[in-house]
Amino acid sequence: MYAILPPRMRNQGSYFSRAHCESAVGVTALFAVVCVFFATTSLTHAATQVSSGMRYDDYHFTREGSPYIINGLTYFRYGSVTFDPGVVVKFKTATSTLSIHANALFISHATKDDPVYFTSYKDDVHGGDTNGDGDASMPAPGDWGRLIVGCGSVFENNIVDF
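Counting restarts for each chain, with residues numbered from 1 along the sequence as it is written. Given that this is a predicted model, residues contribute local features only at a pLDDT of at least 70 and side-chain atom pairs are listed and counted only at 80 or more, while totals for whole chains, interfaces and linings are drawn from all residues. The side-chain numbers reported here are obtained from all heavy atoms of the structure, hydrogens and water having been left aside.

A. Here's a closer look at the overall build of the chain. What counts as a helix is a DSSP run of H or I of at least four residues, what counts as a strand is a run of E of at least two, and both are numbered from the N terminus. Assigned secondary structure in the chain consists of two helices and 12 strands. Three exposure classes are used, based on accessible area relative to the maximum for each residue type with a 1.4 Å probe and protein chains only: buried under 20%, partly exposed in between, and exposed over 50%. Counting over 162 residues, the chain shows a buried share of 41%. Any two residues whose heavy atoms approach within 4.5 Å at even a single point are treated as in contact. In the chain, once contacts between residues fewer than 6 apart in sequence are set aside, the share between residues at least 24 apart is 65%. Summing over all exposed atoms, the chain offers an accessible surface of approximately 8400 Å²; the carbon and sulfur share of this is 58%. Values of accessible area rely on a 1.4 Å probe in the Shrake-Rupley scheme; residue burial ignores everything except the protein chains shown.

B. Just the side chain of serine 108, in detail. Relative to the elements of secondary structure, serine 108 occurs in strand S9 (residues 105-108). Identification of polar contacts relies on pairs of N or O atoms within 3.5 Å, with a donor-acceptor requirement for protein atoms, meaning one able to donate a hydrogen and the other able to accept it, and with residues adjacent in sequence counted only if both atoms are side-chain atoms. Within the structure, the side chain of serine 108 is placed 3.3 Å from the backbone nitrogen of alanine 110, a separation counted as a polar contact. Looking at serine 108, its side chain comes within polar contact range of the side chain of asparagine 158, at 2.9 Å. Beyond its immediate sequence surroundings of up to four residues, serine 108 is in contact with Phe83, Val116, Glu156 and Asn158.

C. Quick peek at the environment of glycine 127. One can find glycine 127 in the loop between strand S10 (116-120) and strand S11 (146-149). For the pair glycine 127 and valine 89, spaced 38 residues apart in the sequence, the C-alpha separation amounts to 8.2 Å.

D. Here's a closer look at the sheet that holds strand S3 (residues 59-61). Between any two strands, at least two bridges found by DSSP are needed for them to pair. In spatial order, the strands read S3-S6-S9; together these three strands make up an open sheet with parallel pairing. What marks the edges here is a single partner per strand, and that holds for S3 and S9. Pairs of neighbouring strands in the sheet enclose a mean axial angle of 10°, with direction left out of account. One ladder, built from three bridges, connects S3 with strand S6 (residues 80-83); its direction is parallel. Directly across from tyrosine 59, in S6, lies its bridge partner valine 81. Angles run from 0 to 180 degrees between N-to-C directions of axes, and those axes are lines fitted to C-alpha atoms, restricted for helices to the stretch in contact.

E. Geometry of the pattern of salt bridges. Every case where a carboxyl oxygen of Asp or Glu lies within 4 Å of a side-chain nitrogen of Lys or Arg is listed as a salt bridge. Under the criterion given, the structure shown has three salt bridges. Note that aspartate 57 and arginine 55 form a salt bridge whose closest N and O atoms lie 2.9 Å from each other. For aspartate 57, a relative accessible area of 33% translates into the label partly exposed. Note on arginine 55: relative accessible area 11%, which makes it buried. Ionic pairing is found between lysine 122 and aspartate 143, a salt bridge with its closest N-O pair at 3.7 Å. With lysine 122 in the loop between S10 and S11 and aspartate 143 in the loop between S10 and S11, the pair connects residues that are 21 residues apart, well separated along the chain.

F. View of the side chain of serine 120. Within the secondary structure, serine 120 sits in strand S10. Judged by relative accessible area, which is 1%, serine 120 ranks as buried.

G. Examining unusual backbone geometry more closely. Cis geometry marks the peptide bond from serine 66 to proline 67, where omega comes out at -5°. Here proline 67 shows up in the loop between S3 and strand S4 (68-70). One non-glycine residue, asparagine 157, adopts positive backbone phi at about 65°. Mapped onto the elements, asparagine 157 comes out in the loop between S11 and strand S12 (158-160). A relative accessible area of 30% means that asparagine 157 is categorised as partly exposed. In this structure, phenylalanine 162 takes a positive phi of about 50° despite not being glycine. Relative to the assigned elements, phenylalanine 162 resides in the segment after S12.

Structure (structure tokens):
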């Protein structure tokens, strides 16, 4: 089974406003640079990196931590892997794989109105512009490896893209 799910878009506004920058006497240029930095970095969305390798622990994917980035092989052998409604999981490379073994419990709380998304790292629609390149890249089939869910798992209201 393969799947791609995206998180909800979040507005992460700049820390410094233009008024803050212009009110600084003698250091307006420095603050202007800081304003530009924060304004441009707010376009990208903070992401939670999921460590690759064999995992034996429980893991909870929350909406607040979305989007989650899978880079390499992440393999849950035991424990439970829980996905809250609205979670977005992005796969960074063509070999990125999320595998949930039959001995691990896959739990998705996705609903029709609030699905869980599994998608490409290049997908800006779900989970925002996590790669920070604006419109320079577009998601496409083959961007990521696989989503493997063990036997007996219920996989409803999850959306797999690209």
